[in-house]
Amino acid sequence: MSLLVVGLSHRSAPVSVLERASLSADAQAKLLQDTLATEPTTEGAVLATCNRIELYADVDKFHAGVAELSTLLAQHSGVGLDELTPYLYVHYEDRAVHHLFSVACGLDSMVVGEGQILGQIKDSLARAQELHTAGRLLNDLFQQALRVGKRAHSETGIDRAGQSLVTFGLEQLALGAPVETWADGKKALVIGAGSMSSLAAATLARAGVAEVVVANRTPDRAERLAQILTEGDDTNVLARAVPMASVPAELTRADVVVSCTGATGLVLTGDAVAEGVEGRTGRQRIVVDLDEEAERAPAARTPAPQSPLPPAAAGTDENCPLDLSAVQPGFSVMGEAAVAGMDAATLEQHAAWAAGTTVDRRPAGRGGPEADADLIGALAATASVAGRIPERRRPEPVAEPPRPEPVLFLLDLAMPRDIDAAAHRLAGVRLVDIESLAEASADAPMAADVDQVRRIVSDEVAAFGAAQRAAHITPTVVALRTMAADVVAGEIARLEGRLPGLDDKHRAEITQTVRRVVDKLLHAPTVRVKQLAAEPGGAGYADALRTLFDLDPETVASVSRAEESTEKRDARNRGPG
């Protein structure tokens, strides 16, 4: 086994790079065809999801394989090799098997334990089988990965460690409220009719939305999904299909929009979302400046026109009485409360520094409450012109103006993204996309069942390696038994020439006796050599067997080709698990 995987995922690359490197279905097919055309590769499969792109191959040279697969990923993704390389990871042989089994169990998912990845692995295998790029190794590997993933979900509580990406996204939209409570009675628009969009539509229907509208570029698929939702036994939802041209109109009716298509450009622009909100509410669009929102004063206060704050260098000016380097942002100096605790001289120096002037020292004898009041008034006047001055002595928290409650919830599960990220800046809109999901799930707690799944993965990796090593020697064992059968047949033919009068009964008895002798002599060595070959480092036993019995390499190779052809045919008939 010389299994190699080269790829990138949400764990190794930022979402912006994953988005640019995403592959359409046609691009994946072309990548597989080009992979098989390279010298070191004999099999290939692509696993492309919303948060990973991985190329699996059976190679005969490790370093050449890494170079070829990395170059092909860069060429077909459109991201330059120099830019892509820092984000690529490489796994080889048992580590590659361990990686795919972990992926299949949901251990490597953005939301740990989600089961959507199993369908994506199944689709990946089906694509490789359809294009005839999956041979014995990748067929065995992906089929076993599906079984391992199903075992992990059935034998452990890995499902409790996380949910599907759809469920997790809806939880983020609900802002802590139960999804069923949040979704109750809402109208949903689902854009796309693939596996992820179908899962989203079904999840929304079970959560209690009143209506699901499905829009897809292929009307038949949209209508089929709408029919499935309507006829579902566990839901009571009104579902209908619309063409993509109807999406702008449906935006004015929808409360929730989930989009997951294979489009390479935006499906919903910021303007389209804004027009949908305007059509729904009748209000003109309001763009929220998220960077400045936290800096705003309370709504009840009308601040005076502001000029720029003093330059950053002023914080170290000897004329400044405050240690501005230790001041937390977001506070203001306004009036008497802000300067409480300062003596008159400090007030005077502070006001002069804020105004960018120098202190005009007053006579030493001046002082008292009246003088302090004058200085406080001067400082307040300076603050109204110079703007807010950070102050750590008596900080005043700045109340944020309330953001309008969302009237439109957007969940973008596509890669590259379907919905313009600028839509979140619109008042009344809440957008959750792959990037925000990655941030939200970064600190998600891991369930105790994860450790059990990891043990399952380790055991399955060992078993798969042993099976592959044992399978590697099988053609040699078959060739040996074939050679022995030929020897028996030749000797029986010679016996018939020497004893032409031998009757059929005795001839059959002699033939059976010779065959039993040969089988008994070969039984122990062939069984033992399979056991030894299954152990780590056992690959050399096949070579030893061929050398000891002087087996024809072409005979062994022909057995391998025949077995692989049979396995490919069986795999196509059986389908991806």
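For the structure, see preceding data.
Residues numbered from 1 in each chain as written. Predicted model: local features only at pLDDT ≥ 70, side-chain atom pairs only at ≥ 80, totals over all residues. Heavy atoms only, no water.

A. Inspection of the overall build of the protein at higher detail. A tally of regular secondary structure across the protein gives 22 helices and 10 strands. When contacts within the protein are restricted to residue pairs at least 6 apart in sequence, those whose partners lie at least 24 apart make up 76%. Of the roughly 28500 Å² of accessible surface on the protein, 52% is carried by carbon and sulfur atoms. (Helix = DSSP H or I, 4+ residues; strand = E, 2+ residues; numbered from the N terminus. Contact = heavy atoms within 4.5 Å. Areas by Shrake-Rupley, 256 points an atom, 1.4 Å probe, with all protein chains shown as cover.)

B. Main features of the environment of Glu-223. Tracing the backbone shows Glu-223 in helix H12 (residues 219-231). Placed 20 residues apart in sequence, Glu-223 and Pro-243 show a C-alpha to C-alpha distance of 9.8 Å.

C. Inspection of helix H11 (residues 195-207) at higher detail. Here H11 contains 13 residues, and its C-alpha end-to-end distance of 18 Å stays within 8% of the 18 Å for a straight helix at 1.5 Å per residue. Buried within H11 we find Met-196, Ser-197, Ala-200, Ala-201, Thr-203, Leu-204, Ala-205 and Ala-207. Looking one or two residues beyond H11, the residue adopting positive phi is Gly-208, at roughly 110°. (Expected span 1.5 Å × (residues − 1). Buried < 20%, exposed > 50% of the residue type's maximum accessible area, 1.4 Å probe, protein only.)

D. Local environment of the side chain of Thr-35. Secondary-structure assignment places Thr-35 in helix H2 (residues 25-37). Beyond its immediate stretch of four places on either side in the chain, Thr-35 contacts Thr-41, Leu-55, Leu-69 and Leu-72.

E. Up close: the side chain of Ser-197. Within the secondary structure, Ser-197 sits in helix H11. You can call Ser-197 buried: its relative accessible area is 1%.

F. Main features of the sheet that holds strand S3 (residues 52-59). Reading across the sheet, the 4 strands line up as S2-S3-S1-S4 and stay open at both edges, with antiparallel pairing between neighbours. The sheet is open, and its two edges are formed by strand S2 (41-49) and strand S4 (89-92), each paired on a single side. On average, each strand axis in the sheet is inclined to that of its neighbour by 15°, with strand direction left out of account. Alignment of strand S1 (residues 3-9) against S4, held across 4 bridges, turns out to be antiparallel. Its bridge partner lying in S4, Val-5 is registered against His-91. (Pairing = 2+ DSSP bridges. Axes fitted to C-alpha atoms, helices over the stretch in contact; angles between N-to-C directions.)

All we've got here are geometric facts, nothing functional implied.
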